[in-house]
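Notes for the structure review
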Amino acid sequence: MEQKVLVAYGSANGSTEEMAEAVARVLRRTEITAEVLPARSVTDLDRYGAVVVGGALYAGRWHKDARRFVRRHRGALAHRPVWFFSSGPLDPTASQRDIPPVPGVKRAMAGLDARGHATFGGCLTEGAQGRVARMILRNGKGGDFRDFAAVEHWAAGLAKELGAMAHG
Ligand SMILES: Cc1cc2nc3c(=O)[nH]c(=O)nc-3n(C[C@H](O)[C@H](O)[C@H](O)COP(=O)(O)O)c2cc1C
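Bear in mind the structure is a predicted one, so any value in this text is a computation, not a measurement.

Looking now at the overall build of the chain. Each helix and strand in the chain was counted, giving 7 helices and 8 strands. For 168 residues, the compact-globule estimate of 2.2 N^0.38 gives 15 Å, and the chain sits close to it at 15 Å. Taken over the C-alpha atoms alone, the chain extends approximately 50 × 30 × 25 Å along its principal axes. When contacts within the chain are restricted to residue pairs at least 6 apart in sequence, long-range pairs at least 24 apart make up 77% of them.

Bringing the site of the ligand into the picture now. Not every one of the 22 residues close to the ligand is listed here, only the nearest: S11, N13, T16, A56 and G122. Counting residues per element, the ones that place at least two in the shell around the ligand are α1 (15-28), β3 (50-58), β7 (123-124) and α6 (131-138). Within the shell around the ligand, the residues separate by chemical class into 12 nonpolar, 10 polar and no charged.

Feature annotation in UniProt assigns "domain: Flavodoxin-like" (unreviewed entry) to the following positions: residues 5-168. Span residues 5-168 is 42% helix and 23% strand, its end C-alpha atoms 17 Å apart.

Counting buried residues along strand β5 (residues 82-87), 6 of its 6 residues qualify, which places the element largely inside the surrounding structure. Sheet topology places β3 next to β5; 6 bridges connect them, and they run parallel. Across the sheet, residue V53 finds its bridge partner in β5, namely F84. Taken together, the 5 bridges between β5 and strand β6 (residues 116-120) define a ladder with parallel strand orientation. Note on β6: the bridge partner recorded for S86 is T119.

Conventions we followed
- Residues numbered from 1 in each chain as written.
- Predicted model: local features only at pLDDT ≥ 70, side-chain atom pairs only at ≥ 80, totals over all residues.
- Helix = DSSP H or I, 4+ residues; strand = E, 2+ residues; numbered from the N terminus.
- Rg over C-alpha atoms; globule rule 2.2 N^0.38 Å.
- Contact = placed C-beta atoms within 7 Å.
- Near = placed C-beta within 6 Å.
- Nonpolar A, V, L, I, M, F, W, Y, C, P; charged D, E, K, R; others polar.
- UniProt positions renumbered as here; feature names shortened; annotations may be inferred.
- Buried ≥ 20, exposed ≤ 12 C-beta atoms within 10 Å, placed from the backbone.
- Pairing = 2+ DSSP bridges.

Right under this line is the structure:
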């Protein structure tokens, strides 16, 4: 199997992109080649043997770039191992327990027979776009709750699964 993995992300304020980069860094520690791209910029999946899709959660749904990515590439994704991750809660809950995918992501996972999903803590800090984002920040409910150790741990599991697939 071609061991090039795409890590595509849908992000409004950049924090999910950094998590996608962290996933790719862990995969690259093995013999896997990993490429990180904004979900909206991907035209086809021909070059990739497996795909990770990360979406920031906004009002109970994935960022639209991640949703559109899954819709647009449904056919190709159905023929590849796929993992999803979501980012996330602006509190420590994601580091304390497993948070299941939101309904839309769960449906997409079922349709694609996705191999796994994780919800990681999110991040909302000064400068974030949007009226609601500014309101959350004004109310002191923002912060950086990303848990890169958890992201790396998850990515290491994924690398192991990919390695097992490659070596039969
Ligand atoms: C308007 C708004 C709505 C949000 N809705 C949710 C939500 O439904 N569930 C959740 O877990 N996090 C929610 N968040 C938190 C974001 O998912 C979090 O800030 C995320 O890390 C943003 O990723 P990004 O920087 O890549 O855009 C929301 C944040 C904002 C500003």
